[in-house]
Amino acid sequence: MRFLRELYVVFWKEMLVWVNNPMLPVVRALVFPMMWIVIFGSAFGGEVNHIPVAVVSEDSGELSLAYLSMLSTGRTLELKYASPSEAEKLLKTRRVYGVLHIPADFTERLRSGEGVTVSLSTDESTPQIANAMAAHFAKVSRSFSAQLGLEDAVRVERDPIYGRGVKYLDYLAPGVVMMTILFSSIFSGGLNLILDREFGTLKMLMVSPISRDAIILGKIFAGVAQSIASGVVALVVAILMGVHLKSGAAGFALVILLMFISGFGFIGMSTAFATRITQLEQLMVVMQVLIMPMWFLSGGLYPLESMPDWMKPLAIVNPMTYATDAARAVMIRGIIWETLLLDLAVISAFAIAMFLVGSYSFKKTLGGIK
Amino acid sequence: MIIEVERLRKEFNGVVAVDGISFSVERGEIFGFLGPNGAGKTTTINILTTLLAPTSGTARIAGYDVVKQPEQVRRRIGLVPQEVVLEGDLTARENLIFHGMLYGLSRQQIESRISELLDIVELEDRAESKVRTFSGGMKRRLELVKVLLHEPEVVFLDEPTVGLDPQTRRRIWEYIRTLNTERGVTVFLTTHYMEEAEQLCDRVCIIDHGRILDIDQPDRLKHRLGEGEMVEIELAERCEEFVRSLGEAGYRIKSATGCRVTVVAERSERVLAEVFSLADRLGTGIVSISIRKPTLEDVFIHYTGRSIRDEAAGDTRIREIARRLKH
Ligand SMILES: Nc1ncnc2c1ncn2[C@@H]1O[C@H](COP(=O)(O)OP(=O)(O)OP(=O)(O)O)[C@@H](O)[C@H]1O
Ligand SMILES: [Mg+2]
């Protein structure tokens, strides 16, 4: 009971300082992940407008004209009419991202109440554009069918000429969320400890009668809480930018649990480093030789499959890989425990080990009298 | 005895910071550690406040051993370290609340004490300001009362006025006296300011290179130099002969660096006459002459042969060399 109260005191102070400083938490929690998402995500994601699409129409019936005019309303597409050979050339030279083929019997089949399939050849090397395009076609086709009083009368057959891409922002978001946890753990754990020592604020706790374990745990918990706060901000930003979270609230909660577990591990890790570090510059070195590679080799930005063979073992021993993979599995596939077990086991083991190492080395640097 | 220290020793990888010191402090005293940089003052405070384990020896605060019963000790002490340890991002009030919480006080207890404490150091109107915005003197004042919140029996003040202007320093002395007399708190402070030790402390312990040179009331320490006043003479030339002649005339020479010599004399008028006639005889001029009461600085020089203010001593040496070069 007394221990919990003491733990709370330390936790309370850390959080109060964190909240009280108007600039840093915002910079750390919001600007940082935003920047990554904007840099890596918006370049591909967000709202894509004015996508050039070539139209090869063999039907001049009124329904095909109506369908085409419906497609061109809004800002999403820019239609260009072309002959089949011209259209193919436009697509290959990347002047259009898709070629729509409307068959000769389009109007006729719809008149007689039958469904019709239009084909859409796409360049999906830029996945966000391909997705936006496909989504627009699907939406228009649905409402066009509905106006005719039919269901799914116009089906769009997507034919990615370079193979199908993944939706990059969906792919990227879990990695960015976990990166936020990793980076803010370095600040909340290691940096905080170094600054505390530098400015002597640790001394204030040390001369007080509260238990040494409460000091350590209070600081670690506060660090984890701060990391999770940043991670949640990143997650919400991702969702606002259109990232789909498969299992809704349960998925959200599970991602937070993942943040908690990995946050513990990363805080423990950065604390262990910080106890051996006396200057901020040294922490920057650790950032560069350890943290950045952990992030780049986690599969957060590019799939592990695209890595050269010699690099793969690094990704396999990298705890970030499992944290990212778990978050991605939850966010994209939903909660399917079989797919999560290995990841969960690895990050939990990492968290426990690092927590022990971190709190042990922290305790050792507290030094002197227990 | 509220502080009892016996043969306390601390080594840092072979460097002896505190070299087997023993002393004790009585309840209600203002006790001062006076020593130059690196004397071992902070190291001693760190051991007494349970921040550092001694290499050997024992220390007890209010009867509790600092190593074996640290928690008992921690409950009874307050520390104002050499460097400011307030949370700059918290307000003065929040800093106090946090401090109170660390010592297990309830919110009501804390709230009821805060305004009174801030009042003592005239910071009431700044209670809601972030400490980051405080001046050095304000931070010091806040720290001074912060440690009173949990009503400690002893407070340790490590160089409480270092870096402050003389006016602020005097105010801080006032607060320290107030908390000592009105609240009955025992004060252990370190300083390398002579006036601070002299004005504030009931007893002063002179420490250098981790060793205690002397402990006593400031007045009595000064009497160690003998009865009388300090006469400082600066000569233009023939300094060595002059110093020798003074010695032969039976004067107690306290220090002689080059052409500056300090003697102790019971009747300074007589010295002046003799100094002038001696200078006349040697055919040298007197650059300056001054008579003053002895200070703890003189006591320090008496024990160590050097000034506590290393810079000042260095300065004298440089002037000495410059003078020699000119001639
Ligand atoms: N953590 C440490 N590691 C190694 N040496 C130390 C350590 N702390 C102090 N020392 C050494 O011990 C000696 C005494 O230092 P201390 O800080 O106690 O001096 P001080 O009297 O407080 O000096 P100041 O007036 O500069 O504060 C110095 O020589 C210092 O270099
Ligand atoms: Mg010191």
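Quick notes on the rules
- Residues numbered from 1 in each chain as written.
- Chains lettered and ligands numbered in written order.
- Predicted model: local features only at pLDDT ≥ 70, side-chain atom pairs only at ≥ 80, totals over all residues.
- Heavy atoms only, no water.
- Donors = N, O, S within 2.8 Å, 3.2 Å for Na, K, Ca; no water.
- Helix = DSSP H or I, 4+ residues; strand = E, 2+ residues; numbered from the N terminus.
- Contact = heavy atoms within 4.5 Å.
- Buried area = accessible area lost by both parts, 1.4 Å probe.
- Salt bridge = Lys/Arg side-chain N within 4 Å of Asp/Glu carboxyl O.
- Polar contact = N/O pair within 3.5 Å; in protein donor to acceptor, adjacent residues only side chain to side chain.
- Nonpolar A, V, L, I, M, F, W, Y, C, P; charged D, E, K, R; others polar.
- Domains from an automatic or database assignment.
- Pairing = 2+ DSSP bridges.
- Axes fitted to C-alpha atoms, helices over the stretch in contact; angles between N-to-C directions.
- Near = heavy atom within 4 Å.
- Areas by Shrake-Rupley, 256 points an atom, 1.4 Å probe, with all protein chains shown as cover.

Caption draft 1: Molecular detail of the coordination of the magnesium ion (ligand 2). Around the magnesium ion (ligand 2), the protein supplies Thr42(B) (OG1) and Gln82(B) (OE1) as donor atoms, at distances of 1.8 to 2.2 Å. With Thr42(B) in helix α1 (residues 41–48) and Gln82(B) in the loop between β6 (77–80) and α3 (92–102), this pair connects stretches of sequence that are 40 residues apart.

Caption draft 2: Structural detail: the interface of chain A and chain B. Contacts between the two partners involve 26 residues from chain A and, on the opposite side, 31 residues from chain B. Here chain A and chain B share an interface that buries about 2600 Å² over both sides, 64% of which is from carbon and sulfur atoms. Along the contact surface separating chain A from chain B lie three salt bridges. A salt bridge links Glu71(B) to Arg2(A); its shortest N-O distance comes to 3.2 Å. Across the chain A-chain B interface, the total number found is five residue pairs in polar contact (both at pLDDT 80 or more). Those elements that place two or more of their residues in the side of chain A that touches chain B are α1 (2–20) and α8 (201–206) of chain A. Ranked by the residues each element gives to the side of chain A that touches chain B, the list is headed by α1(A), at nine residues. Across the side of chain A that touches chain B, the residue classes break down as 14 nonpolar, six polar and six charged.

Caption draft 3: Focus on the domain arrangement of chain B. Here chain B is partitioned into domain 1 (3–223) and domain 2 (227–293). Its C-alpha centre places domain 1 of chain B at a distance of 41 Å from the equivalent point of domain 2 of chain B.

Caption draft 4: Inspection of the sheet that holds strand β4 (residues 116–122) of chain A at higher detail. Residues and elements named next belong to chain A. If you trace the five strands from one edge of the open sheet to the other, you get β2-β1-β3-β4-β5, paired in mixed fashion. With partners counted over all chains shown, the strands left at the sheet margins are β2 (77–81) and β5 (154–160), one partner each. Direction aside, neighbouring strands of the sheet carry axes that sit 25° apart on average. As defined by bridge partners, strand β3 (residues 98–102) adjoins β4 across four bridges and the pair is classed as antiparallel. When the sheet's bridge partners are listed, Val-99 is paired in β4 with Ser-121. Sheet contacts for helix α3 (residues 62–72): β1 (51–57), β2, β3, β4 and β5; angle to β3, the most-contacted strand, approximately 160°.

Caption draft 5: Layout of the site of ligand 1. Residues and elements named next belong to chain B. Taken together, the neighbourhood of ligand 1 is formed by Phe-12, Ala-17, Pro-36, Asn-37, Gly-38, Ala-39, Gly-40, Lys-41, Thr-42, Thr-43, Gln-82 and Glu-159. Contact distances for ligand 1 include 2.8 Å between an oxygen atom and a backbone N or O atom of Gly-38. Between Gly-40 and ligand 1, the recorded distance is 2.9 Å, taken from a backbone N or O atom to an oxygen atom. Coverage of ligand 1 by the protein amounts to 61% of the 630 Å² it exposes when considered alone. No other element matches the three residues that α1 contributes to the shell around ligand 1.

Caption draft 6: Here's a closer look at the domain arrangement of chain A. You can read the domains of chain A as domain 1 (51–162) and domain 2 (168–366). Distance between the C-alpha centres of domain 1 of chain A and domain 2 of chain A: 45 Å.

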